[in-house]
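# Structural features, examined
Take a look at the letters that make up each chain.
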Amino acid sequence: MIKKIAWDTFKNTGDINAFLELKQIENIESNIKEVQDISNINIDNNQLKQDNNQKVD
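Looking only at helices and strands, the protein chain has 2 helices and 0 strands in total. The C-alpha atoms of the protein chain give 20 Å as radius of gyration, which overshoots the globular expectation for 57 residues (10 Å, by more than 25%). Dimensions of the protein chain, computed from C-alpha atoms along their principal axes, come out at roughly 65 × 15 × 5 Å. The buried share of the protein chain, reckoned over its 57 residues, is 7%. With the model as given, the accessible surface of the protein chain reaches about 5,100 Å², and the carbon-plus-sulfur share is 53%. Considering the protein chain, the positive charge centre built from 7 side chains and the negative charge centre built from 10 side chains are found 6 Å apart.

Rules behind the numbers
- Residues numbered from 1 in each chain as written.
- Predicted model: local features only at pLDDT ≥ 70, side-chain atom pairs only at ≥ 80, totals over all residues.
- Heavy atoms only, no water.
- Helix = DSSP H or I, 4+ residues; strand = E, 2+ residues; numbered from the N terminus.
- Rg over C-alpha atoms; globule rule 2.2 N^0.38 Å.
- Buried < 20%, exposed > 50% of the residue type's maximum accessible area, 1.4 Å probe, protein only.
- Areas by Shrake-Rupley, 256 points an atom, 1.4 Å probe, with all protein chains shown as cover.
- Lys, Arg positive; Asp, Glu negative; His and termini not counted.
- Charge placed at Lys NZ, Arg CZ, Asp CG, Glu CD.

Nothing here speaks to function; it is all geometry.
Following this line, the structure appears as structure tokens:
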């Protein structure tokens, strides 16, 4: 969605900086999502380890 907004902004204004800034925001959002996914995987793995340790005890 941001990519479309960025492109439309560039087409309407001709300002490449606006396009590039919006593309940077899109990339930042993507990176945040990746970090969140990795964090969720780590949390899930830690919970599995704890569950397995409780079963052994």
